[in-house]
Amino acid sequence: VSGLLVLAQIVPRNRAGHQTCVQRNGFCPRWIVDNIGNYKEPFLRHVELTVLAVAFGFAIAFALALVAHRRRWLVGPITAVTGILYTLPSLAVFFLLQPLTGRGVTTALIALTAYTLLILFRNVTLGLDNVPAEIKDAARGQGYSDRQMLWHVELPLALPEIIAGLRIAATTTVGLATLAFLAGAGGLGEPLFDGGEGINFQSNVVVAGGLCVLLAIALDLLLLGVQRAASPWQRARG
Amino acid sequence: MVLASALSEFGDGLRFLVQSDTSSYGDTQVGGPHEVLRLLSLHLQLSGFSLLFAALVAIPAGLVLGHLGRGQFLATSVSNIGRAVPSLAIIAFFFSFLGPSKANIILALTLLAIPPLFTNTYVGVRQVDPDSVDAARGMGYGEGRILAGVELPMSLPLVFGGLRTAAVSVVATATIAPLAGVESLGTPLVARGVYGTDRDRRARRRRRSRLRRPAECRHPARAEAGRRPAHAPARGVSPPNPKGPDTMRTHMSGRLVAAALAAILLPAGLAACGSSDKSSSGTSGAAAATTGASSGGGQLIQYDAANKGKSLKIGSKNFTESIILGYIYGEALKKAGYTVKYDLNLGTEQVATRALKSHEIDGYPEYTGTALTSLLGVKPKDVPHDENAAYQEAKRLYESKYKFTALPQTPFTDSQALGMTAATAKKLGNPTKISDLKGKSQNLTLAGSAECFKRSDCALGFKQVYGLTFKKEIPIDVSQRHEVILKGKADLTVPFTTDGQIAANKEVVLKDDKQLFPPYNVTFVVRDDAFARLGPDLEKVVTTVQKGLTTPVMSELNSRVDLDKQQPLAVAGEYLKATGYVK
């Protein structure tokens, strides 16, 4: 044991008495300024999880909606199945998937994608259903085929509902992705619940939580902008 | 195969709902109607009060604003913001600024419930046919009567739609309340350790007498997985049984399935009404004799070209100390020429062991006491109190049960203790060991995690081993273990011996003179095939670099992360430089 004393040692800091803002787990603007860089990686991962989950979810839900658009009887069953996926508590799903798919981004993405399906499917279907019959008749009268009708008439007119669905899906996914760390996928939930003082440290909660909120709002506004740009007739109508 | 295993988990899960079992660490009953109903009632309390408060605020506000035709902007803003703000962020925010309490969770959930209720009520009133309102006015109805007698009834379908949306999201979100230290149906998911049971052990137990010797020692409170929990936790798993570690997982997962089932039933029931809502349901000593392998301390770690191209992935458990250790070993191995990747913050020892077994990682730091009781099936009373003996036992069992190599252990031990403020110690006549509290403890309050009070190696052990009773037992979240005595909410607490706060707060920690707690030195555990592949330098580097890790040093390193908020990687680097292992 005495051999250890020969070792160069790390010098303990004197922390008795006055505690700094950081040691008190307080809200410390300076610490935030100095450490904001540490949040870059979790933030980017959070963006990645959200964007990929919404993109996969949209691809699946869109395809399902187009199929169900032709075969109406499918709407009920698809809504029921995606509805069940949507209602499962996220915490449970991140754990339940692990014995099957291991830890990591894949597991998180499966869960997050599953959550977006109901919202996206419902909104695409709703959008297509809400296209006025007269317009479809008019298009039919001009000799539009089913395919032309879908891509040139129905989908453009359904765009507001489709994008509304994407906005809901994106903001919901930003929230759910805070639990992705439980599946080993990182994201802003990781610093928030880092196993150390994470959730007790106000500065950390403000930054990590704040970035979640900002990300959600940014994606929401971005999609709103896309909708405005893609459907100029709506703007004109006011 | 997958289907069969999933079904068996569900079977185990269903049993959890209807029948209580002895938790694998043997000190408490988990599951069964009693516990499920208790958690259900807590869950319903959280959800019910939140919905009630939200309804009291949002419905009148929506009605009045809708009636007046004002606040269109407010209504859309509230609904957009409500949708965009992640529920977990709200809960974290309330936890860090207001502390863990039921009231805070209820407040956070109330905020989640307000947007859909307000928006739907507002829209509901706005879309009432103006002709009906005019007709009522013509009949001499006053504004209040129009609101109560015409607009409210006509907007009820939308108001209830909003209520349903709010209910689904509140009930789903209440599942994550345990992450912030408040019990709900999410508890069995988050505190996985406590909720694991072991059929084989249970069976053995039934066969044998019920007598249990008092000196059962394990490592309690850090169990609440997901948070500042630590080594010992999850007794989720059953130890050595002939079927091997694979079946362990099944049992644990069964609990998870059960908890998930229970948690799902509620929102599913709500949603089954066919809601058409779109809102977010938005939803954690001396080094061992074998250390001879390395030469003198403080020696610079040498680069060896033979290690070039050999890569390994290092894991860790989900708390500060384990993460720092992962980085210390990893950074040192990098200097020796290895290619090192990290997958730190894995979770409990079960999660880490599974990751190690399935080649997701190649090694991680584990505590000898935890490994013996929680992974290797040694009964707490059989754990050797000598740290070298404990290490040798762990090494032997790791090899025979898992084909893992347990490298020599660290000098420091991270055990639990009984702690108090200097002022309390003075008042009690400066006790030095736990036995000194005999005759005084009945006037003192003890704070500990809910689990601690159920375990024989924690508060229960104080009674069984030392014969101490306390005036009151105050259940707290593990993260509050130092604050609770600093703020005078309790006289005694159960800290970890390497907690940096002990020195910083000048807390007095009593000596465990009757050896309630087993040794908790750290051993770096490596899978045998990885051990063979990585060559002799692995063990050499690990044993060299941990020589400086005495209890005060480890405690200082923890302080730098927990108190000074430095990054664990940076702190590991500081250690390696200060001790001269790395230039």
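Predicted model, so just to flag it, every value in this text is computed and none were measured. (Residues numbered from 1 in each chain as written. Chains lettered and ligands numbered in written order. Predicted model: local features only at pLDDT ≥ 70, side-chain atom pairs only at ≥ 80, totals over all residues. Heavy atoms only, no water.)

Trainee: What is the right way to look at the overall build of chain A in this model?
Mentor: For chain A, the helix and strand inventory stands at twelve helices and zero strands. Each helix (α) and strand (β) of chain A, taken in turn from the N terminus, gives the series α-α-α-α-α-α-α-α-α-α-α-α. Over its C-alpha atoms chain A spans a radius of gyration of 24 Å, topping by over 25% the 18 Å that the globule rule assigns to 238 residues. Dimensions of chain A, computed from C-alpha atoms along their principal axes, come out at roughly 95 × 45 × 25 Å. Looking at chain A residue by residue over its 238 residues, the buried ones come to 53%. Long-range contacts, defined here as pairs at least 24 residues apart, represent 75% of the contacts in chain A between residues at least 6 apart. Accessible surface for chain A amounts to roughly 10600 Å². Of this, 65% is attributable to carbon and sulfur atoms. Here chain A contributes 18 positively and 13 negatively charged side chains, and the mean placements of these two sets differ by 2 Å. (Helix = DSSP H or I, 4+ residues; strand = E, 2+ residues; numbered from the N terminus. Rg over C-alpha atoms; globule rule 2.2 N^0.38 Å. Buried < 20%, exposed > 50% of the residue type's maximum accessible area, 1.4 Å probe, protein only. Contact = heavy atoms within 4.5 Å. Areas by Shrake-Rupley, 256 points an atom, 1.4 Å probe, with all protein chains shown as cover. Lys, Arg positive; Asp, Glu negative; His and termini not counted. Charge placed at Lys NZ, Arg CZ, Asp CG, Glu CD.)

Trainee: What's the story with the overall build of chain B in this structure? I'm lost.
Mentor: The secondary structure content of chain B amounts to 23 helices and eleven strands. When the 583 residues of chain B are sorted by exposure, 61% land in the buried category. With the model as given, the accessible surface of chain B reaches about 21200 Å², and the carbon-plus-sulfur share is 61%.

Trainee: I'm lost on the packing of helix H4 (residues 75–87) of chain A against helix H7 (residues 105–129) of chain A in this one. Help?
Mentor: To characterise two packed helices, one gives the angle between the axes of the helices and the distance between these axes. Residues and elements named next belong to chain A. Between H4 and H7, the least distance of the axes is 7 Å, while the angle of their chain directions is 145°. Where H4 crosses over H7, the two elements pack in a sense that is left-handed. Between H4 and H7, the residues in contact are Val75, Ile78, Thr79, Thr82, Gly83, Leu85 and Tyr86 and Ala114, Tyr115, Leu117, Leu118, Ile119, Phe121 and Thr125, respectively. Considered class by class, the residues forming the contact of H4 with H7 number ten nonpolar, four polar and no charged. (Axes fitted to C-alpha atoms, helices over the stretch in contact; angles between N-to-C directions. Left-handed = near helix turned anticlockwise from the far one by under 90°. Nonpolar A, V, L, I, M, F, W, Y, C, P; charged D, E, K, R; others polar.)

Trainee: Before we go on, may I ask you to explain unusual backbone geometry in this structure?
Mentor: Negative phi is the rule for most residues except glycine; trans is the rule for most peptide bonds. Residue and element names in this part refer to chain B. You will see that Asn345, though not glycine, has its phi angle at about 60°, which is positive. Among the structural elements, Asn345 can be located in the loop between strand E4 (339–343) and helix H13 (349–357). Despite not being glycine, His359 shows a phi value in the positive range, around 65°. For His359, the position within the fold is in the loop between H13 and strand E5 (363–367). Given the relative accessible area of 52%, His359 is considered exposed.

Trainee: What exactly am I supposed to notice about the side chain of Glu321 of chain B here?
Mentor: All names here are of chain B. If you trace the backbone, Glu321 turns up in helix H12 (residues 320–335). Judged by relative accessible area, Glu321 falls into the buried class, the value being 2%. Contact partners of Glu321, with chain neighbours within four places excluded, come to Tyr367, Phe412, Asp414, Thr498, Met554 and Asn558.

Trainee: How do you make sense of the packing of helix H2 (residues 32–68) of chain B against helix H7 (residues 143–174) of chain B when you look at a structure like this?
Mentor: The contact between H2 of chain B and H7 of chain B brings their axes to 9 Å, and the two run at 145°. Crossing of H2 of chain B over H7 of chain B shows right-handed handedness.

Trainee: Where do I start with the packing of aromatic side chains in this structure?
Mentor: Describing an aromatic ring pair means giving the distance of the ring centres and the angle of the ring planes. Overall, the coordinates contain 16 aromatic pairs over all chains when judged by the stated rule. Taking the centre distance of 6.5 Å and the plane angle of 80° together, the rings of Trp31 of chain A and Tyr39 of chain A count as edge-to-face. Feature note: the residues Trp31, Tyr39 and Phe201 of chain A constitute an aromatic cluster, connected by ring pairs. One cation-aromatic arrangement involves Arg145 of chain B over Tyr141 of chain B; the distance from NZ or CZ to the ring centre is 4.1 Å. A cation over an aromatic ring shows up here: Lys565 of chain B above the ring of Phe201 of chain A, its NZ or CZ 4.4 Å from the ring centre. (Phe/Tyr/Trp six-rings, centres within 6.5 Å; stacked < 30°, edge-to-face > 60°. Lys NZ or Arg CZ within 6 Å of the ring centre and 35° of its normal.)

Trainee: Quick question: what am I supposed to make of the confidence of the model for chain B here?
Mentor: When pLDDT drops low, the exact placement of atoms in the prediction is not to be read closely. Residues and elements named next belong to chain B. Residues of chain B with pLDDT of at least 70 account for 75%, and the chain-wide mean is 77. Across residues 196–254, confidence stays below pLDDT 50; counting only partners more than four residues off in sequence or on other chains, it has 211 contacts. Here residues 271–297 is a poorly scored stretch, pLDDT under 50, and it has 72 contacts once near neighbours within four places are set aside; other chains count. (pLDDT = per-residue confidence, 0-100.)

Trainee: Can you walk me through helix H17 (residues 459–466) of chain B in this structure?
Mentor: Residues lying three or four places apart along an α-helix face the same way, a consequence of the helix completing one turn every 3.6 residues. Residue and element names in this part refer to chain B. Restricting attention to buried positions, one finds in H17 the residues Ala459, Gly461, Phe462, Val465 and Tyr466. The buried residues of H17 occupy an angular sector of 155° when projected down its axis, which confines them to one face. Where the residues of H17 are buried, they touch strand E7 (418–420) and strand E8 (445–448). Residue Gly467 follows H17 closely and has a positive phi angle near 65°. (Arc of directions from axis to C-beta.)

Trainee: Any chance you could explain the side chain of Thr320 of chain B here in plain terms?
Mentor: All names here are of chain B. On the secondary structure map, Thr320 appears in helix H12. Judged by relative accessible area, Thr320 falls into the buried class, the value being 4%. At 2.8 Å, the side chain of Thr320 forms a polar contact with the side chain of Asp562. (Polar contact = N/O pair within 3.5 Å; in protein donor to acceptor, adjacent residues only side chain to side chain.)

Trainee: Sorry, what's going on with the state of the cysteines here?
Mentor: In a disulfide, the sulfur atoms of two cysteines are covalently bonded to one another. All names here are of chain A. Counted according to the given criterion, the structure contains one disulfide over all chains. Disulfide partner of Cys21: Cys28, at an S-S distance of 2.1 Å. Handedness here is read from the sign of the S-S torsion; for Cys21 and Cys28, about -95°, the answer is left-handed. Of the residues examined, Cys21 reaches a relative accessible area of 24% and is grouped as partly exposed. Cys212 carries a free sulfur, and the closest cysteine sulfur to it, the one in Cys28, is 20 Å from it. (Disulfide = S-S within 2.5 Å.)

Trainee: What is the right way to look at the nonpolar core in this model?
Mentor: Within soluble globular proteins, side chains that are nonpolar generally end up buried alongside one another. Core analysis: the biggest nonpolar cluster contains 100 residues, and Phe94 of chain A together with Leu46 of chain B have the highest contact counts within it. Take this core: its biggest share by element is twelve residues, from H7 of chain A. Sequence-distant contacts of Phe94 of chain A, defined by excluding residues within four places in its chain, comprise Thr107, Ala108, Ala111, Leu112, Leu176, Leu179, Ala180 and Ala183 of chain A. The next biggest cluster of nonpolar side chains, apart from the first, holds 41 residues, and it includes Phe319, Leu325, Val340 and Leu538 of chain B. (Core = buried A, V, L, I, M, F, W, Y, C linked by side-chain atoms within 4.5 Å.)

Trainee: Quick question: what am I supposed to make of the pattern of salt bridges here?
Mentor: Scanning all chains against the criterion turns up 19 salt bridges over all chains. Put simply, Lys317 of chain B and Glu366 of chain B hold a salt bridge, and the shortest N to O gap is 2.7 Å. A residue pair is termed long-range when its members are at least 10 positions apart, and Lys317 of chain B in the loop between strand E3 (311–315) and H12 and Glu366 of chain B in strand E5 qualify at 49 residues. By relative accessible area, Glu366 of chain B is classed as buried at 0%. Each member of the salt-bridge network shares a partner with another, and the members are Arg13 of chain A together with Glu556, Arg560, Asp564 and Glu574 of chain B. (Salt bridge = Lys/Arg side-chain N within 4 Å of Asp/Glu carboxyl O.)

Trainee: Can you walk me through the environment of Asp537 of chain B in this structure?
Mentor: Residues and elements named next belong to chain B. For Asp537, the location among the structural elements is in helix H21 (residues 537–545). Assessed through its relative accessible area of 13%, Asp537 is described here as buried. Residues Asp537 and Leu576, spaced 39 residues apart in sequence, show a C-alpha to C-alpha distance of 17 Å. Ignoring sequence-local partners within four residues, the contact set of Asp537 consists of Asp304, Asn307 and Tyr338. Here Asn307 takes part through its side chain, which lies 2.8 Å from a polar atom of the side chain of Asp537.

Trainee: What am I meant to see in H7 of chain A here?
Mentor: Residue and element names in this part refer to chain A. Here H7 contains 25 residues, and its C-alpha end-to-end distance of 35 Å stays within 8% of the 36 Å for a straight helix at 1.5 Å per residue. Approximately 30° is the largest bend angle found in H7, and it occurs at Leu117. A large share of H7 lies buried, amounting to 20 of its 25 residues. (Expected span 1.5 Å × (residues − 1). Bend = angle between axes of the 7 residues up to and from the residue.)

Trainee: I'm lost on a nonpolar patch on the surface in this one. Help?
Mentor: Together, Phe27 of chain A together with Phe93, Phe97, Leu98 and Leu107 of chain B line one region of the surface with nonpolar side chains, adding up to about 460 Å² of accessible area. Ranked by residue count, the leading element in the nonpolar patch is helix H4 (residues 87–98) of chain B, at three residues. Position of Leu98 of chain B relative to the elements: it lies in helix H4. By relative accessible area, Leu98 of chain B is classed as exposed at 51%. (Patch = residues over 30% accessible without salt bridge, like charges linked within 9 Å, V, L, I, M, F, W, Y side chains within 5 Å.)

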